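What the coordinates show
Each chain, letter by letter, is given below.
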Amino acid sequence: QVQLVESGGGLVQPGGSLRLSCAASGSIFSRYDMGWYRQAPGKQRELVAAITSSGNTNYADSVKGRFTISRDNAKNTVYLQMNSLKPEDTAVYYCYANRGGLGSWGQGTQVTVSS
């Protein structure tokens, strides 16, 4: 099973950018479908963006055109580039790895968008 460690969160002003990284270890990263989820206080965890092992992507409507998910299989890492951030993007962001129905979560990284 894969282990995941997120990084790159922090405090940013509205309109700013952040890039989240999720480093994977323990298994063959390239075979996993990967995703970024987020959970704001008092809300359910929701899918933000996903990328399959073959590189196909999909996004939540709320982030389309602002966020970009990508992966570097040579570095066992998936990224989430977040541009034009809004206060409503404030949440804990979690990395998720899935292969054949078996999933693993990272510990999460806090993103706060505030002036």
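In case you missed it, the structure is sitting above this.
These notes cover the structure that comes with them. Here the structure is a predicted model, which is why all the values come from computation and not from measurement.

Cut-offs used in this document
- Residues numbered from 1 in each chain as written.
- Predicted model: local features only at pLDDT ≥ 70, side-chain atom pairs only at ≥ 80, totals over all residues.
- Heavy atoms only, no water.
- Phe/Tyr/Trp six-rings, centres within 6.5 Å; stacked < 30°, edge-to-face > 60°.
- Helix = DSSP H or I, 4+ residues; strand = E, 2+ residues; numbered from the N terminus.
- Buried < 20%, exposed > 50% of the residue type's maximum accessible area, 1.4 Å probe, protein only.
- Lys NZ or Arg CZ within 6 Å of the ring centre and 35° of its normal.
- Disulfide = S-S within 2.5 Å.
- Pairing = 2+ DSSP bridges.

In this section: the packing of aromatic side chains. Tallied over the full model, the rule gives four aromatic pairs. Summarising the aromatic geometry, the rings of Tyr 37 and Tyr 96 are spaced 5.8 Å apart at their centres and angled 80° between planes, so their arrangement reads as edge-to-face. Taken together, the positions of Tyr 37 in strand β4 (residues 33–39) and Tyr 96 in strand β9 (residues 91–99) put the pair 59 residues apart, joining distant regions of the chain. Residue Tyr 37 is classed as partly exposed on the basis of its relative accessible area, which comes to 22%. An aromatic cluster is defined as three or more aromatic residues linked by ring pairs; in this entry it consists of Tyr 37, Tyr 94, Tyr 96 and Trp 105. If you follow Arg 45 out to its NZ or CZ, it ends over the ring of Tyr 94, 3.7 Å from the centre. The side chain of Arg 71 reaches across the aromatic face of Phe 29, ending 4.6 Å from its centre.

The next thing to look at is the state of the cysteines. Per the stated rule, a full pass over the model turns up one disulfide. Each disulfide pairs two cysteine sulfurs, and for Cys 22 the partner residue is Cys 95, the sulfurs being separated by 2.1 Å. One disulfide, between Cys 22 and Cys 95, carries an S-S torsion of -85° and so falls in the left-handed class. With Cys 22 in strand β3 (residues 18–25) and Cys 95 in strand β9, the pair connects residues that are 73 residues apart, well separated along the chain. Assessed through its relative accessible area of 0%, Cys 22 is described here as buried.

Where β4 and β9 come together, seven bridges link them in antiparallel fashion. Bridge pairing in β9 places Met 34 opposite Ala 97. Relative to strand β11 (residues 109–113), β9 runs antiparallel, the two being bridged by three bridges. Residue pairing across strands places Tyr 93 opposite Thr 109, the latter belonging to β11. Sheet topology note: the β9/strand β10 (residues 102–105) ladder contains four bridges and is antiparallel. Bridge pairing in β10 links Ala 97 to Ser 104. Counting the residues that bridge the hairpin from β9 to β10 gives two residues, and of these Gly 100 lies at a positive phi of roughly 60°.

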